[in-house]
Amino acid sequence: MKWIGGAILIIITFFWIGIEFANRMEKRPKLIRTLKNALLILEAEIVYSQTAVQDACIHISKQVPQPIALFFEQVGLRLKNENRELYSIWEQEVELFWNSVPLFSDEKEIMKQFGRTLGQHDTVQQQKYIQLALTHLNNKHTEAEEMYQRYGKISKSLGFLTGILIALLLL
């Protein structure tokens, strides 16, 4: 009787892992889309409103959902409260942020590269860099959507089947 309970526990555990993996793949395109929206708002704030980066980040945090809002809020608050250069704060916040969200290192690198240019150029050049980052994020969004469509359902099934296989091997 113990082995039946153990087998069921193993199957449930691996099925849950498959579901969790599918959920992370489902969240990735949504987060990339929110990140793109945040950069569009940043573009409007910098180019059209001539807002300082720190104020623009705080405005963005009030307009986009979590967890992207928290990232921009932290950047804005740290820029106001700390006497450090923008890129060092941006890079630290990107590192902290990426540890808590289901985004890949590709998106992280796009945001880091974008942070290197943020606040370094006039508004016309800044707009070009924002558009470049948006183009890269558009590509990653398409890739993330395709990945979810292709592997989302498979990961749930694979988790369940892996659990059954391991339970059978342990019997």
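Residues numbered from 1 in each chain as written. Predicted model: local features only at pLDDT ≥ 70, side-chain atom pairs only at ≥ 80, totals over all residues. Heavy atoms only, no water.

**Topic: the pattern of salt bridges**
The following threshold applies: Salt bridges, as used here, are contacts in which a Lys or Arg side-chain nitrogen is within 4 Å of a carboxyl oxygen on Asp or Glu. Secondary structure elements follow DSSP: runs of H or I no shorter than four residues count as helices, runs of E no shorter than two count as strands, and numbering proceeds from the N terminus. With a 1.4 Å probe rolled over the protein chains alone, any residue whose accessible area is under 20% of its type maximum counts as buried; one over 50% counts as exposed, and the rest are partly exposed.
Overall, the coordinates contain 13 salt bridges when judged by the stated rule. Between Asp55 and Lys80 there is a salt bridge, with its nearest N and O atoms 3.3 Å apart. Placement of the pair is Asp55 in helix H2 (residues 53-61) and Lys80 in helix H3 (residues 68-81), with a sequence separation of 25 residues. A salt bridge links Asp106 to Lys140; the nearest nitrogen and oxygen atoms lie 3.0 Å apart. Pair noted here: Asp106 is in helix H5 (residues 105-117) and Lys140 is in helix H6 (residues 123-170), with a separation of 34 residues, a long-range link. Owing to a relative accessible area of 34%, Asp106 belongs among the partly exposed residues under this scheme.

**Quick notes on the environment of Phe114**
Rule in force here: In this analysis, two residues are considered to be in contact whenever any of their non-hydrogen atoms come within 4.5 Å of each other.
The residue Phe114 is located in helix H5 in this model. Taking relative accessible area as the criterion, Phe114 reaches 3% and is therefore assigned buried. Residues Phe114 and His136 lie 22 residues apart in sequence; the distance between their C-alpha atoms is 10 Å. If we ignore the near neighbours within four places in the chain, the residues touching Phe114 are Leu39, Leu42, Trp90, Gln126, Tyr129, Ile130 and Ala133.

**Considering the packing of aromatic side chains**
Under the convention used in this document: A pair of aromatic rings is counted whenever rings of Phe, Tyr or Trp (Trp by its six-membered ring) have centres within 6.5 Å, and the orientation is called stacked for planes under 30 degrees apart, edge-to-face for over 60 and tilted otherwise. Note on criteria: charge over ring means Lys NZ or Arg CZ within 6 Å of the ring centre, with the direction from the centre no more than 35 degrees off the ring normal.
Throughout the structure, instances matching the rule amount to 7 aromatic pairs. Where Phe72 meets Trp90, the ring centres are 6.0 Å apart and the plane angle is 70°; that geometry is what we call edge-to-face. Of this pair, Phe72 sits in helix H3 while Trp90 sits in helix H4 (residues 86-98); the two residues are 18 residues apart in sequence, bridging distant segments of the chain. Measuring from centroid to centroid gives 5.8 Å for Trp90 and Phe114, while their planes differ by 65°, and the two rings are edge-to-face. Linking Trp90 in helix H4 with Phe114 in helix H5, this pair joins segments that are 24 residues apart in sequence. Since its relative accessible area comes to 0%, Trp90 is described here as buried. Among the aromatic side chains, those forming a connected cluster through ring pairs are Phe71, Phe72, Trp90, Phe97, Trp98 and Phe114. Sitting above the plane of the Phe104 ring, Arg28 keeps its charged end 3.8 Å from the centroid.

**Description of the environment of Val53**
In this fold, Val53 is placed in helix H2. Sequence spacing of Val53 and Gln113 is 60 residues, and the spatial spacing of their C-alpha atoms is 16 Å. In this structure Val53 touches Ile46, Leu79, Leu86, Leu118 and Gly119, once residues within four positions along its chain are discounted.

**Observations concerning a nonpolar patch on the surface**
The line we're drawing: Like-charged residues are merged into a patch within 9 Å and nonpolar side chains (Val, Leu, Ile, Met, Phe, Trp, Tyr) within 5 Å, provided each residue has over 30% relative accessible area and no salt bridge. The protein chains shown are the only cover counted for residues, whose accessible areas, like all others here, come from Shrake-Rupley with a 1.4 Å probe.
Taken together, the side chains of Trp3, Ile4, Ile8, Ile12, Leu168 and Leu171 define a hydrophobic patch exposed on the protein surface, amounting to about 640 Å² of accessible area. With 4 residues, the top contributor of residues to the nonpolar patch is helix H1 (residues 2-48). Of note, Trp3 is situated in helix H1. The exposure class of Trp3 is exposed, given its relative accessible area of 53%.

**As for the nonpolar core**
For the record, the criterion: Note on terminology: a nonpolar core comprises buried Ala, Val, Leu, Ile, Met, Phe, Trp, Tyr and Cys residues joined through side-chain atoms within 4.5 Å.
Of all hydrophobic cores here, the largest spans 36 residues; its most connected members are Leu39, Phe72 and Trp90. Looking at this core, the elements with two or more residues in it are H1, H2, H3, H4, H5 and H6.

**Description of the environment of Glu93**
Classification of Glu93 as buried rests on a relative accessible area of 6%. When the C-alpha positions of Glu93 and Lys27 are compared, they lie 20 Å apart, and in sequence the two are 66 residues distant. Excluding residues that lie within four positions of it along the chain, Glu93 makes contacts with Phe71, Gln74, Val75 and Arg78.

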